[in-house]
Amino acid sequence: MTTTPAPSELPSRYDPQAIEAAIYARWEKGGWFRADVANPAPAYSIVIPPPNVTGYLHIGHALNNTLQDILIRWRRMQGRNTLWVPGTDHAGIATQHVVERQLWRDEKIDRRDLGREKFLERVWAWREQFGSRIISQLKRLGCSCDWSRERFTMDEGLTRAVLTVFQRLFEEGLIYRGDYLVNWSPKLQTALSDDEVVHKEVKGHLWHIRYPLEGGSGYIQVATTRPETMLGDTAVAVHPGDERYAALHGKTVILPLMERPIPIVPDAFVDKAFGTGAVKVTPGHDPNDYEIGKRHDLPFINILNPDGTLNENAGAYRGLDVPEARRRVVADLEARGLLVKVEDHVHSVGHCYRSGCVIEPYMSKQWFVRMKPLCAPAIEAVKQGRIEFVPRHYEKIYFHWLENVRDWPISRQLWWGHRIPIFECFDCGHVWCDIEQVPERCVKCGGYNIAQDPDVLDTWFSSALWPFSTLGWPDQTPDLAKYYPTSVLVTAHDIIFFWVARMIIMGLKFMGEVPFDKVVINPMVMDEHGRKMSKSSGTAIDPIEVIDEMGSDTMRLTMASYPMQSRNISLAEKRFESFRNFNNKLWNAARFVFMNVEDLAPEDLAAGPDPAALELEDRWILGALARAIEQAGAALETFGFDAYVDTLYKFIWNQYCDWYLELVKDRLGDRELNEAGRFSPASRTAAQVVLVTVLEHVLRLMHPVAPFITEEIWRNLKGRYAAGAGTANPTTAALAAETIMIAPWPDEAGVRNLYESENKDKDAIRDMIDFCTMELVMESIYRIRNIRGQMSIPPNMAVDIAIVSPSEERLRLLRAGEHYIRSLVSIGELQIGAETTLRGFASTGAIEDVVVYVYLPEQLRQQERLRLEKEIARLEKGVAGAQGKLANEKFVASAPEAVVQSERERLAKMQSELASLREQHKALS
C-alpha cells in the first residue's frame, strides 16, 4: 500500500531523468502491472510481439510498444481486467549466429569443436547474460507489462506446448518429411521458408548456349541466368505448340561439359517468347524445373554441398564456389564454341533475410506442415468478421498469402531451438514421435540402433502458438479461460504472413477460436526522407538515446502522433523537440496552477465550482474539456492514436495553456484587490477549482501516452487535495486512487455536470453560445496580435481597434467577450458595431463576415498593402486547391459526406475572407 505523497513545489524545469526510473520502480513495487485472474471485470488482453532475445530496442519497437501500452493503460483506467503478456523469442538463426561468432572471436573454435550439448550450454549462458537487455529497454519506454508472466519461447511451458502441437499435427498426417526443393542459405547452412527470402533486383547476364543434338545433326540453343547449374541439367524443354521445335520432341541432346545425353521434352510451362523458346531443365536447383521434372519423371541431380560449393556431381568443377564455377563454365563453353552471346539482364534474385547471401534452390530432406487443410478456417474467420484488420486493406495481403500458400518447411539445420521430437530406427526403418522421453530402443522392433532427428523447428513455429501457449496451454489454466481470445494484436505489416496468419491458423486448430479480435497494423518507420533507416548511413535513430536526452514521454508522444493509416512514416528528429516542448508546456502550466491555488482548500475542490460564480471562460474551458474527452475516447476506440495525440495537443497547448490560463490571471490576483471589487472571492475560488479540475482531468486523459510526467504532476495534486470530502467534483474522487494508473478514465458527463443545470436543453444552447463567443473572441485577438506582430508594433503601445460585422448575432457575441479583448491586448479605443467611426489608416484582418481594424501610423500603409497581397495570394491558392478537390468526382463520390461537407465549408469561409481582403486592398490603393 503506497502512502499519499506530501505536496511539494514542482522543480522549475522538467527533468525526465530525475523522475522516470523512480516512478517505474514504484509502479513495479506496487504491483500495478499485474493482472488478477479473479477480478470479475471484463478482460482486455494483449500479447506482445516477442522481440528477439538478441535484439536491442529499435525505433520500430518504440512505435509498436508505445501503441500497445496506450491501449493497456487506457483500458486499465476504464476498469477492465487488463493483461499485457511480455516475453522474448529464442530467435534460432540469429542467436546461434551470435554465439558462434563470439566463440570464433574469443576462442577460435566453432560449435562442432564443442559438440551439441556443450554448445547449447554456451547459448543458454549467453541468454542468461544478455537476454534481459531488451526487457530492461522496454521498461525504459514505460511499458506496463505484467512482468510476473514474462515468457520465453524455449521456457519449459512453451516447449511443452510446441512439442504437443508437433505431435498432434504429426499424428494427423499434417506434418510429413519429404525430399523437396527448398530455399537454402549456404552461409547459415539451413533451409528457409519462402517468407524468409528477400528478393532483390540484380544486374546480371543472360547467357545463350548451344546444346548439340545427339548424332551431330545440329544444335538447340537455350538461355540461362545461371550457367553453372547446367551441370545438373536432366532435360531441355520446349513449348508443345512451338512449331520451331515440333520435330525435336523426344530427341536427345548431349549436355555440354558433362557429355551425358538428356531428352528434349514438351512442356506448356515454357514461354515461347523468352530467349530462344527452349529452356534448360535443372530439377534439383530451380522450383519451376522441379515441377517440370516431376511431370516428366526426370532425374533430380544435386550439384551443391550444404556450404554452397559444388559436389562430386559437378565433375571437374567439384570444390568450386558458385561464382568461380560460373566463370569456369562460361570460359569452357566459349573455348568449345558453344557460347553464342551474352546479354545484360536485370532479374530478381532471392537473398537470405538474415545473412544476406544468395539463396540456392536445393534438394533436401525436410519436415513440412501441410498448409491447405489448415488455411481454409483461417480465411473464413476474417471473411466472417471474427477478426478485423485495421486498416482493412491489409486483409488483401492476408488473403493472398493464404490462398496461394505452399507447404511450410519447418525444419532448420541448427542446434539452438526446439529439437524435432522424431526418432528413426535404422534397423527396421520405423519413424515415430515421442515428446515424453528420449527412447533407448525402437518401439516397433526393439532395436537399439535409433537416433533423434538432428534438426530444430523454425522459430516461427513456436511463435505461432504465442497467444495461447503463453497463457498455459496445453493445460486448461485460469489465465487461458480468462484472457483467451486476446483483445488486439499490434504488429507491423511485414510479418502478416510470417506470424499473424500462422497464429490465426494455430489458434483455430488448437483452441477452436481466433487468437484475437483485432489486428492493428502499425507503419514501418523510415527516415525523414522516406528511406529505410541505416546505422551505416547515419540515419538510424536510437530510441534509448532519445529517451536519455528528452525522456520516455517525448518518445511516446512523437511515435503515436503519426497517422497509423500510412504504410510507412517518415520520422523527423525535430518532431521529438516539438513534443519535448509540449511536455515542458504542461509542466509549466502545472507550476502556474500550483502557485495560484495554494490557499484552495481540499473541501472547496471537492465541492466543485459554484455554478453562480463561473465566468464565461470557465464554462468554455469545461465545455472544451468535455469535448476533448469525447474526442480522445472516440479516437482510441478506433485506434486513431494520432487523432488522440492531436486532441491532447490542441486542448492542452492552445485552449488551456495559451488561452484559459491567460484569461483567469486577473481573477487570481491579490485577494484584497478582488474583495475590493474587481472580482468576488467566489469568482476567484471558482477559477481555482476549475484550474485544478481541468489540470487533473488533462493528466488522466494524457496518461496512456505520457505516463511519467502525468504521474509526477498527479501525485503532487494528490498530496494537496486527496483529503477533500465529497463527490461533487470527479477530480477529488479520482485523487483517491493510489496511482494515476488506476484512476478512472475521464468522463465527459462528469465534467458537464460541473457547470450544467437540470435543464439540459438550456445548457446545450448556452454551451454552444459560450463556445461560439470564445472562438470568435480568440480569433479576433489572434488577428489583432498577428497584425501588431507583422507591423512591429511594440506590445505596450496602445492602438485603436474596431471590430465590424453586419451580423447582429456576431456583434452580440463579441460584446459579451469585450473585456477579454481589452485585458489581453493594448488598446486605446475599442469599437464593436456594424461600422466604424474611427478615422485614419487601418490594417485589417477577416474572420468570415467579421473585419478587425487595427489603426496604425500612416507611414505603415505600404507595408500593410504588401501584407494584404501576401494574405490574398495565400487564400487564392487555398481556394483553388479546395475547388479542385471538390471538382474531383472521385473525391466527392468516395470520401465520407462529413469530409466533403467540411471541405465545402472551408471553401466558403476562404472565399468570404478573400472577398473582404480584396476590398480592403482596393481601399488602400
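Read on for a plain summary of the structure. Keep in mind the model is a prediction, meaning the values are calculated, not measured. (Residues numbered from 1 in each chain as written. Predicted model: local features only at pLDDT ≥ 70, side-chain atom pairs only at ≥ 80, totals over all residues. Heavy atoms only, no water.)

### Here's the deal with the overall build of the protein chain
Looking only at helices and strands, one finds 32 helices and 29 strands in the protein chain. Each of the three principal axes of the protein chain carries a C-alpha extent, and together these read 115 × 70 × 50 Å. Within the protein chain, the fraction of its 925 residues that count as buried is 56%. Counting only contacts in the protein chain whose residues sit at least 6 apart along the sequence, the fraction spanning at least 24 positions is 77%. With 107 positive and 125 negative side-chain charges, the protein chain shows a spacing of 2 Å between the two charge centroids. (Helix = DSSP H or I, 4+ residues; strand = E, 2+ residues; numbered from the N terminus. Buried < 20%, exposed > 50% of the residue type's maximum accessible area, 1.4 Å probe, protein only. Contact = heavy atoms within 4.5 Å. Lys, Arg positive; Asp, Glu negative; His and termini not counted. Charge placed at Lys NZ, Arg CZ, Asp CG, Glu CD.)

### Some details on the packing of helix H1 (residues 16-30) against helix H24 (residues 707-721)
Close contact between H1 and H24 brings their axes to 10 Å; oriented N to C, the two are set at 80 degrees. Judged on the interaxial angle alone, H24 and H1 are roughly perpendicular. On H24, the residues touching Ile19, Glu20, Ile23, Tyr24, Arg26 and Trp27 of H1 are Pro707, Phe708, Glu711, Glu712 and Arg715. Per-class residue counts for the contact of H1 with H24 are six nonpolar, no polar and five charged. (Axes fitted to C-alpha atoms, helices over the stretch in contact; angles between N-to-C directions. Parallel < 35°, antiparallel > 145°, perpendicular 65-115°, else oblique. Nonpolar A, V, L, I, M, F, W, Y, C, P; charged D, E, K, R; others polar.)

### As for the environment of threonine 710
Take threonine 710: it is sitting in helix H24. Among the residues examined, threonine 710 registers a relative accessible area of 0% and is labelled buried. Spatially, the C-alpha atoms of threonine 710 and methionine 258 are 76 Å apart, while their sequence positions differ by 452 residues.

### Some details on the packing of aromatic side chains
Here the structure, examined in full by the defined rule, presents 36 aromatic pairs. Here the aromatic rings of tryptophan 74 and tryptophan 745 are separated by 6.4 Å at their centres, their planes lie at 70 degrees, and the arrangement is edge-to-face. One end of the pair, tryptophan 74, is in helix H2 (residues 59-77); the other, tryptophan 745, is in the loop between helix H25 (730-734) and helix H26 (748-752), and 671 residues separate them in sequence. No difference in accessibility class separates tryptophan 74 from tryptophan 745, as the two residues are buried. On the numbers, 5.5 Å between centres and 20 degrees between planes, the contact of tyrosine 176 with phenylalanine 368 is stacked. On the criterion of sequence distance, the pair formed by tyrosine 176 in strand S5 (residues 175-185) and phenylalanine 368 in strand S14 (residues 360-369) is long-range, its members being 192 residues apart. When sorted by exposure, tyrosine 176 lands in the same class as phenylalanine 368, which is buried. Aromatic ring contacts, followed pair by pair, group Tyr176, Tyr180, Tyr290, Phe300 and Phe368 into a single cluster. The side chain of lysine 383 reaches across the aromatic face of phenylalanine 399, ending 5.7 Å from its centre. (Phe/Tyr/Trp six-rings, centres within 6.5 Å; stacked < 30°, edge-to-face > 60°. Lys NZ or Arg CZ within 6 Å of the ring centre and 35° of its normal.)

### Describing the sheet that holds strand S29 (residues 850-855)
By definition, the strands of a sheet pair up through backbone hydrogen bonds, in either a parallel or an antiparallel sense. Here we have four strands laid out as an open sheet, ordered S27-S26-S29-S28, and mixed in their pairing. Two strands lie at the open edges of the sheet, namely strand S27 (827-833) and strand S28 (842-847), each paired on one side alone. Taking each pair of neighbouring strands and ignoring which way they run, the sheet shows an average axis angle of 15 degrees. Both S28 and S29 contribute to a ladder of six bridges, which runs antiparallel. Residue pairing in the sheet places alanine 842 in a bridge with tyrosine 855 of S29. Sitting on the sheet, helix H28 (residues 808-816) touches strand S26 (799-804), S27 and S29, and the angle it makes with S27 is about 150 degrees. (Pairing = 2+ DSSP bridges.)

### Overview of the state of the cysteines
As used in these notes, a disulfide is a covalent bond between sulfur atoms, one from each of two cysteines. Applying the stated criterion to the full structure yields zero disulfides. For the unlinked cysteine cysteine 357, the closest cysteine sulfur is that of cysteine 352, found at 4.9 Å. Here cysteine 425 stays free of any disulfide, with the sulfur of cysteine 445 as its closest cysteine sulfur at 3.6 Å. Assessed through its relative accessible area of 1%, cysteine 425 is described here as buried. (Disulfide = S-S within 2.5 Å.)

### Some words on the sheet that holds strand S15 (residues 388-390)
Read across the sheet, three strands follow the order S15-S23-S22 without closing on themselves; strand pairing throughout is parallel. Whereas interior strands pair on both sides, the edge strands pair on one side only; in this sheet they are S15 and strand S22 (486-492). Each neighbouring strand pair of the sheet contributes to a mean axis angle of 20 degrees, computed without reference to strand direction. Pairing geometry for S15 and strand S23 (residues 516-522), over three bridges, is parallel. Considered in S23, the bridge of valine 390 is made with valine 520. Sitting on the sheet, H2 touches S22 and S23, and the angle it makes with S22 is about 160 degrees. Set on the sheet, helix H15 (residues 496-511) makes contact with S15, S22 and S23; between it and S22 the angle comes to about 165 degrees.

### Notes on the nonpolar core
Counting residues in each nonpolar core, the largest one holds 212 residues, and the members touching the most others are Phe461 and Tyr656. With residues up to four places along the chain from it excluded, the contact list for phenylalanine 461 reads Val162, Val165, Phe166, Leu169, Val369, Trp408, Ile410 and Met506. Of all hydrophobic cores here, the second largest spans 38 residues; its members include Trp184, Leu213, Met230 and Val322. (Core = buried A, V, L, I, M, F, W, Y, C linked by side-chain atoms within 4.5 Å.)

### Focus on helix H5 (residues 116-130)
For H5, built from 15 residues, the straight-helix expectation of 21 Å at 1.5 Å per residue is met to within 8% by its first-to-last C-alpha distance of 21 Å. Within H5, the full set of buried residues consists of Arg116, Phe119, Val123, Trp126 and Arg127. Along the long axis of H5, the arc covered by the buried residues comes to 100 degrees, so they all point the same way. H5 presents Glu117, Glu128 and Gln129 as exposed residues on the side facing more than 90 degrees away from its buried surface. (Expected span 1.5 Å × (residues − 1). Arc of directions from axis to C-beta.)

### Brief notes about the pattern of salt bridges
Taken as a whole and judged by the stated rule, the model has 51 salt bridges. Between aspartate 110 and arginine 112 there is a salt bridge, with the nearest N and O atoms lying 3.7 Å from each other. With relative accessibility at 47%, the residue arginine 112 sits in the partly exposed group. For arginine 177, the salt bridge identified is with aspartate 453, shortest N-O distance 3.9 Å. Of this pair, arginine 177 sits in strand S5 while aspartate 453 sits in the loop between strand S20 (450-452) and strand S21 (456-457), and the two are 276 residues apart along the sequence. Each of Asp69, Arg73 and Arg556 takes part in a single network of salt bridges with overlapping partners. (Salt bridge = Lys/Arg side-chain N within 4 Å of Asp/Glu carboxyl O.)

### Quick notes on unusual backbone geometry
Residue proline 474 is reached from tryptophan 473 by a cis peptide bond, and omega for that bond is 15 degrees. Note that proline 474 resides in the loop between helix H13 (466-469) and helix H14 (478-483). The residue after tyrosine 484, namely proline 485, is reached through a cis peptide bond having omega 0 degrees. Relative to the assigned elements, proline 485 resides in the loop between H14 and S22. Of note in this structure, glutamine 189 is not a glycine but carries a positive phi near 55 degrees. The class of glutamine 189 is partly exposed, set by a relative accessible area of 27%. You will see that aspartate 297, though not glycine, has its phi angle at about 55 degrees, which is positive. Aspartate 297 gets classed as exposed once you look at its relative accessible area, which sits at 72%.

Everything listed here is a matter of coordinates, which is why it stays silent on function.
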